[in-house]
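Structural overview for review
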Amino acid sequence: MTKASDVEQELWLFGYGSLIWKPPPHFDLRVPGYVEGYVRRFWQASEDHRGTPEAPGRVVTLIDRAHWETLVDEHSDASATTWGAAYRIPGPHVAEVREYLDIREINGYSIQYTPFHVSRSFAASHNLPAPINCLVYVGLPDNPQFVGPQDAQLLAEHIVRSRGPSGENKDYLYGLDRSLLELGEGSEDEHVHDLARRCREIEGRSSDSSVIGSELRRVGSTDEQEETEK
Ligand code: BEZ
């Protein structure tokens, strides 16, 4: 006879970083919405995805809001809601997905469970429990990768020059900024958006100077050519 404990339970997983645009395998539903009581910040060092052990990049973590309020943060405002996407993993795939995520994401992150609120527009067309208890990976302040409050401009400069096995650090930031805007009304994140704006500005400046540099080289080489042709 099948006991209730033998029935494989589905898992709900909340993504607030790369999971928003890089879903886990085997999900059968993706739901936009938010959690409360946390603040998202680029305060987690990444040695395995967007940086290396020698030159760690920066990725997001969630900070308990009560703890964040004790810190000095240049981005001193934070929305009461942290938007992201929740994924429903059917029971038979839960063990495989958890193993996949532990390998993909565990570098410094701990597992917590938190209530997830479905976005109003999605809830209107789906019959879902409210709220949904979700698993979430949180880089706690005592984990070795947690870097704490950062100067926004230095952080943006760090992101622009970092890269790792999953690609450019700035592409993680731009992907997050873009995918947040698509989640629903009020889903933007000022901290993420400000960093993306600063990174684009830094990139614009360095491409201007490389254009100016190549113009100077071209003019220089033409001058040289003219010198030799005279
Ligand atoms: C995410 O939401 O993408 C995520 C963030 C930290 C660890 C694992 C997943």
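Residues numbered from 1 in each chain as written. Predicted model: local features only at pLDDT ≥ 70, side-chain atom pairs only at ≥ 80, totals over all residues. Heavy atoms only, no water.

Focus on the overall build of the protein chain
The line we're drawing: Here a helix means four or more residues in a row that DSSP labels H or I, a strand means two or more in a row labelled E, and each is numbered from the N terminus. Note on exposure labels: buried denotes an accessible area under 20% of the residue type's maximum, exposed denotes more than 50%, and partly exposed covers the range between, all computed with a 1.4 Å probe on protein chains only. Contacts are assigned to residue pairs that have any heavy atoms within 4.5 Å of one another. Methods summary: accessible areas were calculated by the Shrake-Rupley approach with a probe of 1.4 Å, and residue burial reflects only the protein chains presented.
For the protein chain, the helix and strand inventory stands at six helices and nine strands. A burial count over the protein chain gives 43% of its 230 residues as buried. In the protein chain, of all internal contacts separated by at least 6 residues, the share reaching a separation of at least 24 is 77%. About 12,400 Å² of surface is accessible on the protein chain, with carbon and sulfur atoms providing 52% of the total.

Let's talk about helix H5 (residues 169-181)
Put simply, the rule is: Between the first and last residue of a helix there are one fewer steps than residues, each counted as 1.5 Å, and that sum is the expected span.
In this model, H5 (13 residues) spans 19 Å end to end at C-alpha, consistent with the 18 Å of a helix rising 1.5 Å per residue. For H5, every residue scored as buried is listed here: Asn 169, Lys 170, Tyr 172, Leu 173, Tyr 174, Gly 175, Leu 176, Asp 177, Ser 179 and Leu 180.

Some remarks on helix H4 (residues 152-161)
What counts here: Pairs of N or O atoms are called polar contacts if they sit within 3.5 Å, as long as, within protein, a hydrogen donor faces a hydrogen acceptor (for residues adjacent in sequence, only side-chain-to-side-chain pairs).
All buried positions along H4 are accounted for by Ala 152, Leu 155, Ala 156, His 158, Ile 159 and Val 160. Measuring from the side-chain oxygen of the N-cap residue of H4 to the backbone nitrogen of Gln 153 gives 3.1 Å; that N-cap residue is Asp 151.

Topic: the pattern of salt bridges
In plain terms, the rule: Think of a salt bridge as a Lys or Arg side-chain nitrogen and an Asp or Glu carboxyl oxygen that are within 4 Å of each other.
Here the structure, examined in full by the defined rule, presents 11 salt bridges. With a closest N to O distance of 2.7 Å, Asp 73 and Arg 41 form a salt bridge. Note that Asp 73 is positioned in the loop between helix H1 (65-68) and strand E5 (81-89) and Arg 41 in strand E3 (residues 38-46), a separation of 32 residues in sequence. Arg 41 shares its class with Asp 73; the two are buried. Across the pair Glu 74 and Arg 198 runs a salt bridge whose closest N-O atoms are separated by 4.0 Å. One end of the pair, Glu 74, is in the loop between H1 and E5; the other, Arg 198, is in helix H6 (residues 190-229), and 124 residues separate them in sequence. By relative accessible area, Arg 198 is classed as buried at 16%. If you follow the salt bridges from partner to partner, you end up with Glu 74, Asp 194, Arg 197 and Arg 198 in one network.

Some points on the site of the ligand
Note the cut-off: Whether a residue is near a molecule or strand depends on its heavy atoms: it is near if one of them lies within 4 Å of it. By the convention adopted, Pro, Cys, Tyr, Trp, Phe, Met, Ile, Leu, Val and Ala count as nonpolar, Lys, Arg, Asp and Glu as charged, and the other residues, Gly among them, as polar.
Gly 15, Tyr 16, Gly 17, Ser 18 and Leu 19 are the nearest of the eight residues found near the ligand. With respect to the ligand, the backbone of Tyr 16 contributes an N or O atom lying 2.6 Å from an oxygen atom. At 3.0 Å, a backbone N or O of Ser 18 approaches an oxygen atom of the ligand. Considering only residue class, the shell around the ligand consists of four nonpolar, three polar and one charged.

Some thoughts on the layout of surface pockets
The test is simple: In the cavity and pocket records, a cavity denotes points on a 1 Å grid over the protein atoms alone where a 1.4 Å probe fits but cannot get out, a pocket denotes an open set with protein on both sides within 12 Å along at least 5 of 7 lines, and lining residues are residues with an atom within 4 Å of a point. Grid points are joined across faces, edges and corners, and a volume is the space filled by probe spheres set on the points.
Its volume calculated, the largest pocket comes out at about 490 Å³. Elements supplying a minimum of two residues to the lining of the largest pocket: E3, E5, helix H3 (120-125) and H6. When residues in the lining of the largest pocket are grouped by element, the largest group, four residues, is from E3.

Some points on empty space enclosed by the protein
By the definition in use, this model includes one cavity of 30 Å³ or more. Taken as a whole, the largest cavity spans an internal volume of roughly 40 Å³. Looking at the largest cavity, the residues that line it are Trp 43, Asp 73, Glu 74, His 75, Gln 150, Ala 152, Leu 155, His 191 and Leu 195. Class assignment of the residues belonging to the lining of the largest cavity gives a composition of four nonpolar, three polar and two charged.

Concerning the environment of Ile 132
Here Ile 132 lies in strand E7 (residues 132-138). Given a relative accessible area of 3%, Ile 132 falls into the buried group. Sequence separation between Ile 132 and Thr 114 is 18 residues, and the spatial gap between their C-alpha atoms is 8.1 Å.

Side note on the packing of aromatic side chains
Both the distance between ring centres and the angle between the ring planes are used here to describe each pair of aromatic rings. As a reminder of what qualifies: Any two rings among Phe, Tyr and Trp, with Trp reduced to its six-membered ring, count as a pair given centres within 6.5 Å; such a pair is stacked if its planes are under 30 degrees apart, edge-to-face if over 60, and tilted if neither.
Taken as a whole and assessed by the stated rule, the structure comprises seven aromatic pairs. Arranged with centres 6.2 Å apart and planes meeting at 25°, the rings of Phe 14 and Tyr 16 form a pair that is stacked. Among the residues examined, Tyr 16 registers a relative accessible area of 6% and is labelled buried. With a centroid separation of 5.7 Å and 70° between ring planes, the pair formed by Trp 21 and Tyr 172 is classed as edge-to-face. With Trp 21 in the loop between strand E1 (11-15) and strand E2 (29-36) and Tyr 172 in helix H5, the pair connects residues that are 151 residues apart, well separated along the chain. On the basis of relative accessibility, which here comes to 29%, the residue Trp 21 falls in the partly exposed class. Tyr 172 gets classed as buried once you look at its relative accessible area, which sits at 5%. Aromatic ring contacts, followed pair by pair, group Phe 14, Tyr 16 and Phe 116 into a single cluster.

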